[in-house]
Structures are given as structure tokens and as C-alpha cells.
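Descriptive analysis of the structure
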Amino acid sequence: MAEIIDGKKVSDEIRAEIKLKVAELKEKYNSVPGLAVVIAGNDPASEVYVKMKEKGCDETGINSFKYVLPDNVSKDELLSLIDKLNSDSKVNGILVQLPLPKHIKEDDIIGAIIPEKDVDGFHPINTGKMVADQECFLPCTPNGIQELINRYVKNLKGKHLVVVGRSNIVGKPVANMMLQKNKRADCIVTVCHTSAPDISVYTKQADILVVAAGRANTVTGNMVKDGVVVIDVGVNRINNPHDSTKTKVTGDVDFESVAKKASAITPVPGGVGPMTIAMLLSNTLKAFELQNM
Ligand code: NAP
């Protein structure tokens, strides 16, 4: 049976380090990092994610400022808030919770955040720097995935890493980060998506498999080789097979059959999810340091 890659434990370790550093900053400069979280509309999942981010800030001593806007907020109103936050010295990082209401183009809003405060790592300047392997804010979920891989796999050089999914948020950045010529990466990378007639042709070759498809059971035990390390990014709410009145959260991987062959695997929940928040807090601390030291 596979070793469980405990994202919650790793995330707790990272958060404890951040808490310590924030306390040192407070002691030394009487100032702490600040994160502005902007949410527009009333998507229930977004509200849950924002609460988790606020809680992460509270626990590590980071100031959080929450801006809740109605579903019918105009693009100009949102842009003027971003403008205000860009020039607010108490705000070191700005996070706009996605998705935005349909009438607002997300790229227009993300592009308005100054790259120095783009702690989500979605601004095109940060994306470009990430691709060029330059110092930048790395996107939180891919950054968390890379951290987990590095803690659980020694010597990544030349390992075949296969990514299922090519979104701008997960698949593409993970692939780019893991192919860089540095010691946290240096993998041979394959990316597959819905245009592949049979993704198992690729998944069976993986030494490390990252699955970010957004569909439960995208990868099953017969699609992987023995000893693979599996990172399951998916968050899917499905009917609970043991109780038809309830739902449960599951990943994109059929945990039971894949864990029998894998050497290590992330659970859902408790794998990648907690790492995303830890990396957001880490980026906010980094933004404070870059802006003040
Ligand atoms: P997305 O934007 O929907 O992209 C999904 C990608 O997977 C697309 O590239 C799609 O291919 C590909 N795909 C879908 N079904 C496939 C299949 N059967 N075979 C091969 N490729 C397939 O999703 P996302 O934003 O990347 O997120 C992926 C999952 O991760 C979701 O469940 C999301 O909730 C979760 N997530 C979790 C966290 C976290 O912190 N835990 C953060 C972000 C996302 P095409 O491009 O061809 O359509």
C-alpha cells in the first residue's frame, strides 16, 4: 500500500515557520504583512475558500482585509478597488477570488493588480517570469504541488512527470515549473488533455503523475505503473455511496485502486488543498519582505 503524502502536515509545518517569521517582523518593525481578499458575488464554494484564507491569515498573524462586492458589481468599480489596494501600503498582497461574475473578464482584473502584489501568481508578468525560471510569485496550487513532490521524491533529475490537465491555474504552470533546469524540478514532462484518445498511454509511463482534470475517477489503477508517485489535485463533490442523502469530496484519482500500485499518493481532502493556502501565506510574507526590506 502506498505511503500517504500528508499535505496537511507539510502545510502545518510551513504555516508554523510563517507564524514565527511574522512574529519576528512585528517585534523588529512593529509591522506585519497584509493580504486583501476580494470576493464578488455569492458563489458558495468561493465563500468557503475565502474563509479558509482568512483563517490562515489569523493563525499566522497576517492581517487580512476582506472586500465583499455584489454579483452585479461593475468592472469599473472592481478596477477602482484594485487601484486603491495597489497603492495601499498596508496591503502587501491582493487576491481576487475566482470565478468572477460572468460579465467581468477575469484577465482584465488580474492584469490590473500590480505584479508586486500578485500573490496568486496569475499576472502575465509573473506567468512569463515563471516560464523563464526567473524570481517571481509562483501560483499557489502548483507551488504547493512542487513542494510536496520535493519533500517525497529525492533526485527528480530525469524522472518522467506526467500531468493530466492543461489549465492556466494548475496543469500548465505545474508542467512549466517541473521541467525547469533546477534541482527542484529537472523532470521529463508530458502533458495530456481531452484531445488524447487514450490518456493511459501517457499515465502508464509516469514516475510522477499529477492529475488536475476536475473529474472523479479520471485515473484508475490499471492506468498507472507500479511505484508511481501520485498527486491528486481534483476536488469533486459526488454522491456518498454509503448514504444517498449525503455527498462527499473526492479527487480525480480512484484512490483505492491507484494506492495499491503507487509508492506514494496524496489523499483528497488533506493533500494538495492545504498546501494551496500555505503557499498563499508564504507569497504574502514574501511580498511584504520585497516591499519593505
Ligand atoms: P479545468 O480548468 O477544468 O481544467 C481541467 C483540465 O483537465 C483541462 O485541461 C481538460 O482538458 C483536462 N481534462 C478534463 N477531463 C479530462 C480527461 N478525462 N482526460 C484528460 N484530460 C482531461 O480545471 P483546473 O482549474 O485545472 O482544476 C482541476 C481540478 O483541480 C478541479 O477539480 C479543481 O477543483 C481542482 N483544484 C484544486 C485546487 C486545490 O487547492 N486543491 C486548486 C485548483 C484546482 P481540455 O483542456 O482539453 O478541456
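Please refer to the structure higher up on the page.
Parameters at a glance
- Residues numbered from 1 in each chain as written.
- Predicted model: local features only at pLDDT ≥ 70, side-chain atom pairs only at ≥ 80, totals over all residues.
- Heavy atoms only, no water.
- Helix = DSSP H or I, 4+ residues; strand = E, 2+ residues; numbered from the N terminus.
- Contact = heavy atoms within 4.5 Å.
- Patch = residues over 30% accessible without salt bridge, like charges linked within 9 Å, V, L, I, M, F, W, Y side chains within 5 Å.
- Areas by Shrake-Rupley, 256 points an atom, 1.4 Å probe, with all protein chains shown as cover.
- Salt bridge = Lys/Arg side-chain N within 4 Å of Asp/Glu carboxyl O.
- Buried < 20%, exposed > 50% of the residue type's maximum accessible area, 1.4 Å probe, protein only.
- Pairing = 2+ DSSP bridges.
- Axes fitted to C-alpha atoms, helices over the stretch in contact; angles between N-to-C directions.
- Polar contact = N/O pair within 3.5 Å; in protein donor to acceptor, adjacent residues only side chain to side chain.
- Core = buried A, V, L, I, M, F, W, Y, C linked by side-chain atoms within 4.5 Å.

1. Topic: the environment of Cys-140
Among the secondary structure elements, Cys-140 is positioned in helix H6 (residues 140-152). Spatially, the C-alpha atoms of Cys-140 and Val-174 are 10 Å apart, while their sequence positions differ by 34 residues. Residues contacting Cys-140, with those up to four places away along its chain left out, are Val-119, Asp-120, Thr-276, Met-279, Leu-280 and Asn-283.

2. Section: a nonpolar patch on the surface
On the surface, Val-48, Tyr-49, Met-52 and Val-235 cluster together into a nonpolar patch covering about 350 Å² of accessible area. A relative accessible area of 38% means that Met-52 is categorised as partly exposed.

3. Focus on the pattern of salt bridges
Following the criterion strictly, the structure yields 13 salt bridges and no others. Lys-8 is the partner of Asp-12 in a salt bridge, and the nearest nitrogen-oxygen pair spans 2.8 Å. Taken together, the positions of Asp-12 and Lys-8, both in helix H1 (residues 7-29) and four residues apart, correspond to about one turn of that helix. Taking relative accessible area as the criterion, Asp-12 reaches 36% and is therefore assigned partly exposed. One salt bridge in this structure joins Glu-135 and Lys-286, with 2.6 Å as the shortest N-O distance. On the criterion of sequence distance, the pair formed by Glu-135 in the loop between helix H5 (124-131) and H6 and Lys-286 in helix H10 (residues 272-292) is long-range, its members being 151 residues apart. Glu-135 gets classed as exposed once you look at its relative accessible area, which sits at 62%. According to the relative accessible area criterion, Lys-286 is partly exposed, its value standing at 22%. When salt bridges that share partners are traced, they join Lys-9, Glu-13, Glu-147, Arg-151 and Arg-184 into one network.

4. Here we look at the sheet that holds strand S2 (residues 34-40)
Taken together, the three strands give an open sheet; going across it, the order is S3-S2-S4, and neighbouring strands pair in parallel fashion. Looking along the sheet, the strands with just one partner apiece sit at the ends: strand S3 (63-69) and strand S4 (93-96). Across the sheet, the mean angle separating the axes of adjacent strands is 15° when strand polarity is ignored. Pairing geometry for S2 and S3, over seven bridges, is parallel. Following the sheet pairing, Ala-36 is matched in S3 by Phe-65. Here helix H3 (residues 75-86) sits on the sheet and contacts S2, S3 and S4; the angle it forms with S3, its principal contact strand, is near 165°.

5. Looking at the side chain of Arg-15
Along the polypeptide, Arg-15 turns up in helix H1. The class of Arg-15 is buried, set by a relative accessible area of 15%. Of note is the side chain of Arg-15, whose polar atom sits 2.9 Å from the side chain of Glu-59. Sequence-distant contacts of Arg-15, defined by excluding residues within four places in its chain, comprise Gly-56, Glu-59, Thr-60, Ile-277, Ala-278 and Leu-281.

6. What to know about the sheet that holds strand S11 (residues 264-265)
A sheet is described by the order of its strands in space; here six strands give the open sequence S1-S11-S8-S7-S5-S6, paired in parallel fashion. Sheet topology places strand S1 (3-4) and strand S6 (188-192) at the edges, where each strand pairs with a single neighbour.

7. Some words on the environment of Asn-292
Relative to the assigned elements, Asn-292 resides in helix H10. For the pair Asn-292 and Asn-92, spaced 200 residues apart in sequence, the C-alpha separation works out to 9.4 Å. Reaching out from Asn-292, the side chain makes a polar contact with the backbone oxygen of Phe-288 at a distance of 2.8 Å.

8. A word on the nonpolar core
Within the largest apolar cluster, 46 residues are counted, with the highest numbers of intra-cluster contacts made by Leu-35, Ile-145, Ile-149, Leu-161, Val-210, Ile-231 and Val-233. Of the residues forming this core, the biggest block, 10 residues, is contributed by H10. Once residues within four sequence positions are removed from consideration, Leu-161 is found in contact with Ile-149, Met-178, Cys-187, Ile-188, Val-189, Thr-190, Ile-208 and Val-210. Residues Ile-199, Val-224, Val-230 and Val-258 belong to the second largest nonpolar core, which totals 19 residues.

9. Overview of the side chain of Asn-283
Relative to the elements of secondary structure, Asn-283 occurs in helix H10. A relative accessible area of 4% means that Asn-283 is categorised as buried. Within the structure, the side chain of Asn-283 is placed 3.0 Å from the backbone oxygen of Leu-138, a separation counted as a polar contact. Discounting chain neighbours no more than four positions away, the residues touching Asn-283 are Val-119, Phe-137, Leu-138, Cys-140 and Asn-143.

On their own, these measurements won't tell you what the molecule is for.
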